[in-house]
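Take a look at the letters that make up each chain.
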Amino acid sequence: MSFSPGPFGPYGGTSIQEQRDRWERKRSRTAKELVLTEQRYCQQLELVTTYFVEILKAKGTLKPDISEGIFSSIKAIHSVNQSLLVHLENGYFGRGFDQMRPHLHHYDTYADNLYNGRRVLGSQLKKNKAFRRFKKLQEARPEFNNLTLEDLLRLPVQRIDQYKHFLEDLTANTSPDHPEFQQLSSAVTAVDGVFRRIQKNGRCHENHLQLCRVQKLLKGQKTKLSAPGRWYVREGWLKVVPRRGTDAKPRMFFLFSDMLLQAKRCSPLQLADGDKLAGQRAFPLQDCTVEKVFGHTRSQGGLLSLTFPKAKLLLMSCNQEDLNDWHQSLSSAIGKLQPQQPLVVHQRDELCRRPLRPAAEGHDTPSGSRKRNMVSTEPTEPTEHAQKPPGQWAASAPKRMKPCGAPELSAAEESTSSCVLL
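Residues numbered from 1 in each chain as written. Predicted model: local features only at pLDDT ≥ 70, side-chain atom pairs only at ≥ 80, totals over all residues. Heavy atoms only, no water.

**Student:** Hey, could you run me through the overall build of the chain in this one?
**Tutor:** What the chain contains, in helices and strands, is 16 helices and 7 strands. Per-residue burial for the chain yields a buried fraction of 33% across its 422 residues. (Helix = DSSP H or I, 4+ residues; strand = E, 2+ residues; numbered from the N terminus. Buried < 20%, exposed > 50% of the residue type's maximum accessible area, 1.4 Å probe, protein only.)

Here it is as structure tokens:
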């Protein structure tokens, strides 16, 4: 396959104007889709504010705090998006999102309350018969088009994800010298911040559900899993190898970001606790080390050795892939708990010693009060070195002091060291 030279380059390149035309076509398609979806989005928000928020407030079916817990800032979001839609329909995309940017905190508030709103809504549907009947009647309206209130309450979070992709496409197909390029770029950054916040809230909620699930599996309330900053990592069955020559016993292990929990299956005679686990020990991962004993080969399974400050654990798995996953998960969790080592600065001995005084100062100072590192050209009394043979001078010389814990430096390293305390 050969490439013949084109009119604008050796590889058949296109002109700048053709490239701009292609950008403009892509931008027009994205803009048209953005306007159509925004119109539909505002109509759906109006269904919630008109047929639920306003009517419920007028009827008094829900208390104000409960209504706030369910609908949060959706009314303010509807107002903000109505203004945005006017700009989009007139073709002012950069200006519209630029004016919307200071009001994105309403989406932050809504995202932070999303999972709590679902919980409050579910609770009201169970115990409030009047609200349950009202919700069913409103959803039967033809305007809802078979959408439920739960579907409509998810829309603001989904719309942020759509805004992110629309704005990225618009910015990518807008020339940098276009008047709206800077406004669109700033909008991308602002919307991406809300998007990341929504993702973080989703991860926290999923982690909370995992902690609650494991807590329900454990018999009794001896081990409290809910703790600030604790994250669920994984779980699985491993065999505990005892120190003495008995059989290895299978145990269930739950790995969290700060500890490893060991549990065993409850006795089958206890019918009420047949599916539950009894927590045995919780091993803190702080100052823990993990290593493979013979799990690095292609053989079937291997051993993991875990050393804790006050205990040691030897775990076995017959599945090589599972063993590798456990080793990687444990190493990662332990590594995140280790404090970062501070920068160690070594001092050079020559610069730590006191400076030598000039010889002239030695004549004015009494010999009895002279310090060890003072040098005099005319000693007034015999020194210890003078009374010993020359071969023993090195043994009697005062030892050079080194900073405690500092590694020894070679002569080359000592002469080229650039990190020195003066």
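Picking up after the structure, the text goes on.
**Student:** I would appreciate a short explanation of the sheet that holds strand β2 (residues 249-256) in the present structure.
**Tutor:** In any sheet, the strands associate via hydrogen bonds between backbone groups, in a parallel or an antiparallel arrangement. Spatial ordering of the open sheet is given by β4-β3-β2-β1-β7-β6-β5, a layout of 7 strands whose pairing is antiparallel. Two strands close off the open sheet at either side, each with one partner strand: β4 (277-284) and β5 (289-292). Between one strand and the next, the sheet's axes are offset by a mean angle of 35 degrees, whatever the strand orientation. Where strand β1 (residues 232-240) and strand β7 (residues 312-317) come together, 2 bridges link them in antiparallel fashion. Each bridged residue has a counterpart across the sheet, and for Val240 the counterpart in β7 is Leu315. Sheet contacts for helix α10 (residues 181-217): β1, β2 and β4; angle to β1, the most-contacted strand, approximately 35 degrees. (Pairing = 2+ DSSP bridges. Axes fitted to C-alpha atoms, helices over the stretch in contact; angles between N-to-C directions. Contact = heavy atoms within 4.5 Å.)

**Student:** Looking at this structure, how should I read the confidence of the model for the chain?
**Tutor:** The predicted coordinates ought not to be read in detail in places where the model reports low pLDDT. Across the chain, pLDDT averages 80, with 73% of residues at or above 70. Contacts for the low-pLDDT stretch residues 1-12, under 50 throughout, to residues beyond four places or in other chains number 8 contacts. (pLDDT = per-residue confidence, 0-100.)

**Student:** Please explain the packing of aromatic side chains as it appears in this structure.
**Tutor:** How two aromatic rings sit relative to each other is given by the distance of their centres and the angle of their planes. All told, the structure shown has 7 aromatic pairs when counted by the stated rule. Their ring planes at 90 degrees and their centres at 5.8 Å tell us that Phe52 and Phe134 sit as a pair that is edge-to-face. Placement of Phe52 in helix α1 (residues 16-59) and of Phe134 in helix α7 (residues 129-139) is noted, with a sequence separation of 82 residues between them. Residue classification places Phe52 among the buried residues on the basis of a relative accessible area of 0%. Members of the aromatic cluster, joined through ring pairs, are Tyr51, Phe52, Phe71, Phe134 and Phe144. For Arg95, the ring lying beneath its charged end belongs to Tyr92, and the centroid distance is 4.2 Å. (Phe/Tyr/Trp six-rings, centres within 6.5 Å; stacked < 30°, edge-to-face > 60°. Lys NZ or Arg CZ within 6 Å of the ring centre and 35° of its normal.)

**Student:** Help me understand helix α3 (residues 74-89) in this model?
**Tutor:** Each turn of an α-helix holds 3.6 residues, which means side chains three or four residues apart point in the same direction. For α3, built from 16 residues, the straight-helix expectation of 22 Å at 1.5 Å per residue is met to within 8% by its first-to-last C-alpha distance of 22 Å. For α3, the full list of buried residues reads Ile74, Ile77, His78, Val80, Asn81, Leu84, Leu85, His87 and Leu88. Where α3 is buried, its residues meet α1, α2 (64-71), α4 (93-100), α5 (105-112), α8 (149-153) and α9 (155-172). (Expected span 1.5 Å × (residues − 1).)

**Student:** Would you mind going over the pattern of salt bridges with me for this structure?
**Tutor:** For side chains bearing opposite charge, pairing can occur when the charged atoms are close. A complete count under the given rule lists 14 salt bridges for this structure. The closest approach of N and O atoms between Arg197 and Asp108, which form a salt bridge, is 3.9 Å. Placement of Arg197 in helix α10 and of Asp108 in helix α5 is noted, with a sequence separation of 89 residues between them. Judged by its relative accessible area of 37%, Arg197 is partly exposed. According to the relative accessible area criterion, Asp108 is buried, its value standing at 17%. Several salt bridges converge on common partners, so that one network encompasses Asp108, Asp112 and Arg197. (Salt bridge = Lys/Arg side-chain N within 4 Å of Asp/Glu carboxyl O.)

**Student:** Help me understand the packing of α4 against α10 in this model?
**Tutor:** Packed helices, taken two at a time, are described by their axes: the angle between them and the distance between them. For the pair α4 and α10, interaxial distance at closest approach is 8 Å and the crossing angle is 40 degrees. Classified by the interaxial angle, the pair formed by α4 and α10 is oblique. Crossing geometry of α4 relative to α10 is assigned as left-handed. Between α4 and α10, the contacting residues are Phe93, Gly94, Arg95, Phe97 and Asp98 on the first element and Gln183, Leu184 and Ala187 on the second. The class makeup of the residues in the contact of α4 with α10 is 4 nonpolar, 2 polar and 2 charged. (Parallel < 35°, antiparallel > 145°, perpendicular 65-115°, else oblique. Left-handed = near helix turned anticlockwise from the far one by under 90°. Nonpolar A, V, L, I, M, F, W, Y, C, P; charged D, E, K, R; others polar.)

**Student:** What is the right way to read the nonpolar core from this model?
**Tutor:** Generally speaking, a soluble globular protein has its nonpolar side chains buried in company with each other. Residues Ile70, Phe71, Phe97, Tyr107, Leu153 and Tyr163 are the most contacted members of the largest nonpolar core, which totals 49 residues. Ranked by the residues each element gives to this core, the list is headed by α1, at 11 residues. When sequence neighbours within four positions are dropped, the list of residues in contact with Tyr163 reads Leu34, Glu38, Tyr41, Asn81, Leu84, Phe97, Met100, Tyr107 and Val191. (Core = buried A, V, L, I, M, F, W, Y, C linked by side-chain atoms within 4.5 Å.)

**Student:** Would you mind going over the packing of α1 against α7 with me for this structure?
**Tutor:** Close contact between α1 and α7 brings their axes to 12 Å; oriented N to C, the two are set at 140 degrees. For the element pair α1 / α7, the angle class is oblique. Read as a crossing pair, α1 and α7 show a hand that is right-handed. Each of Tyr51, Phe52, Ile55, Leu56 and Lys59 in α1 lies in contact with α7, whose residues at this interface are Phe131, Phe134, Lys135, Gln138 and Glu139.

**Student:** What am I meant to see in the environment of Cys42 here?
**Tutor:** By secondary structure assignment, the location of Cys42 is in helix α1. In this structure, the C-alpha to C-alpha distance between Cys42 and Ile77, residues 35 residues apart in sequence, is 9.5 Å. Those residues in contact with Cys42 that sit more than four places away from it in its chain are His78, Asn81, Gln82 and Leu85.

**Student:** What am I meant to see in unusual backbone geometry here?
**Tutor:** Note on backbone geometry: most residues besides glycine have negative phi, and most peptide bonds are trans. Positive phi values are uncommon outside glycine, yet Asn145 reaches one of about 55 degrees. Since its relative accessible area comes to 52%, Asn145 is described here as exposed. Non-glycine residue Asp287 carries a positive phi angle of around 65 degrees. Secondary-structure assignment places Asp287 in the loop between β4 and β5.

**Student:** Which parts of the structure should I look at to understand the side chain of Lys135?
**Tutor:** Mapped onto the fold, Lys135 is located in helix α7. When its relative accessible area of 9% is taken as the criterion, Lys135 is described as buried. A polar side-chain atom of Lys135 sits 2.7 Å from a polar atom in the side chain of Glu139. (Polar contact = N/O pair within 3.5 Å; in protein donor to acceptor, adjacent residues only side chain to side chain.)

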